[in-house]
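What the coordinates show
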Amino acid sequence: MPASTHLDTAITELRELVAFDTTSRNSNLPLIDHVEAKLLALGAVCERIPSEDGSKANLHARFGPVVDGGVVLSGHTDVVPVDGQPWTSDPWVLTDKGDGLLYGRGTCDMKGFSACILALAPTIAAANLKKPVHIALSFDEEVGCLGAPALIDRIMAGPVKPAMVVVGEPTDMKVVTAHKGLFSVVVKVRGREAHSSLVRDGACAVTHAVPLMQYLVDQAQAMEAAAPADSPFNPPHGTLTIGEIKGGTALNILALDCEFGTLMRPCPWDDPHAMADGLRNRASIIEAEMKKSAPEASIEIKVRSDVPAFAPEVDGAAERLARQLTGDNSTRVVSYGTEAGQFQAAGLSVVVCGPGSISQAHQPDEFVAIDQLDQCCVFLEKMVRVLEA
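Quick look at the structure, then. (Residues numbered from 1 in each chain as written. Predicted model: local features only at pLDDT ≥ 70, side-chain atom pairs only at ≥ 80, totals over all residues. Heavy atoms only, no water.)

1. Structural notes on the pattern of salt bridges
Pairing is possible between side chains that carry opposite charge, provided their charged atoms lie close to one another. Scanning the model with the defined rule gives 15 salt bridges in all. Linking arginine 154 and glutamate 47 is a salt bridge whose minimum nitrogen-to-oxygen distance equals 2.3 Å. Here arginine 154 is found in helix 4 (residues 148-157), whereas its partner glutamate 47 is found in strand 1 (residues 45-50), with 107 residues between them in sequence. Overall, arginine 154 belongs to the partly exposed group, its relative accessible area being 36%. Glutamate 47 gets classed as partly exposed once you look at its relative accessible area, which sits at 29%. With its nearest N and O atoms 2.5 Å apart, the salt bridge here joins lysine 56 to aspartate 140. Within this pair, whereas lysine 56 is found in the loop between strand 1 and strand 2 (57-63), its partner aspartate 140 is found in the loop between strand 6 (133-138) and helix 4, the two being separated by 84 residues in sequence. The pair lysine 56 / aspartate 140 is uniform in exposure class, with both members buried. (Salt bridge = Lys/Arg side-chain N within 4 Å of Asp/Glu carboxyl O. Helix = DSSP H or I, 4+ residues; strand = E, 2+ residues; numbered from the N terminus. Buried < 20%, exposed > 50% of the residue type's maximum accessible area, 1.4 Å probe, protein only.)

Below, the structure written as structure tokens:
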């Protein structure tokens, strides 16, 4: 028997959410329309925060008194592509195969959490809340947590400032108190083509990109050496990899272009911006050298994503609440990233706790266990009772 009376409703809500193809390349507005209509009908105060081009939107909704404090329930609306994955069922149809699992894109990451919020929304609306409940749904989390900053800024600039945040990414409903960040950079080197025997007639973009890549390799080694002995992460240090590179046309031609991308997963004690500043300094020296033979030469460095790490809090309010609601007293950190660090950077107490296993995220035949949705509904039911007290 389910522990929550809201489970069936949560499954119905999840079925509706999965049917929206909110792959990050698509608009999420149909889903936002759907959710906003439900919450407005229950009396929520709702505000959209659109993307720059208006094709997507964040949604901030609030129930309860107009006082500071309370809890933000945070989720993202976008999902990763299903292209080329060997699904055995329609990814946009919630499928129950009778094995206690519900299949569909986003069931785990992370429409399951949003479905539980919507299932509890009537109860939240009817509750005698002493502190408000905020619902924050973002766009483009999967492509670099791009929507959350504007959403968080609007919440913090509003008349009601929350005290804590529960980010409902899949953690098997266990309490996660820290994770690494995400910082990615694309470097484009433009040189001048010439015959490879006439090196002073041109500037080889690939050759001049090599010392920039070596700088990044050196930074990766420095991050490994700087990790404290008691680091809780696996691996215990921040990581930096060069995952993409392209350039050149033939061995005997000085390359006109070279482009490479690097991805850093910093621990809370790492400084990705210092790494980027060092890269820019080296690039300016190399660019000046290239211009001696190719005045049109250039090096462009662009930060593609900048998601801060989520650091453990000392006696954090959100952690205390999540442990009270789940009974989970284990210490748990993860190496993947969420929007938690962005909320934390705004001065809020944050915890990550949500239904489903991260091992299912982005996978073909993605699923969430029905029991996980049940546990999440119970979590939210208990939260409402705490906010009524």
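2. Concerning the packing of helix 7 (residues 317-326) against helix 9 (residues 370-388)
Here helix 7 crosses helix 9 at 120 degrees, and the two axes come no closer than 9 Å. The angle between the axes of helix 7 and helix 9 places the two elements in the oblique class. The crossing of helix 7 and helix 9 is right-handed. In this structure, helix 7 uses Leu321, Ala322, Gln324, Leu325 and Thr326 to contact helix 9, whose residues at the interface are Phe379, Lys382, Met383 and Val386. Residue composition of the contact of helix 7 with helix 9, grouped by class: six nonpolar, two polar and one charged. (Axes fitted to C-alpha atoms, helices over the stretch in contact; angles between N-to-C directions. Parallel < 35°, antiparallel > 145°, perpendicular 65-115°, else oblique. Left-handed = near helix turned anticlockwise from the far one by under 90°. Contact = heavy atoms within 4.5 Å. Nonpolar A, V, L, I, M, F, W, Y, C, P; charged D, E, K, R; others polar.)

3. Some words on the sheet that holds strand 10 (residues 239-247)
Taken together, the four strands give an open sheet; going across it, the order is 10-11-9-12, and neighbouring strands pair in antiparallel fashion. Of all strands in the sheet, those bounded by a partner on one side alone are strand 10 and strand 12 (298-307). For this sheet, the mean inter-axis angle between neighbouring strands, taken without regard to orientation, is 15 degrees. Examined bridge by bridge, strand 9 (residues 182-190) and strand 12 share nine bridges and lie antiparallel to one another. (Pairing = 2+ DSSP bridges.)

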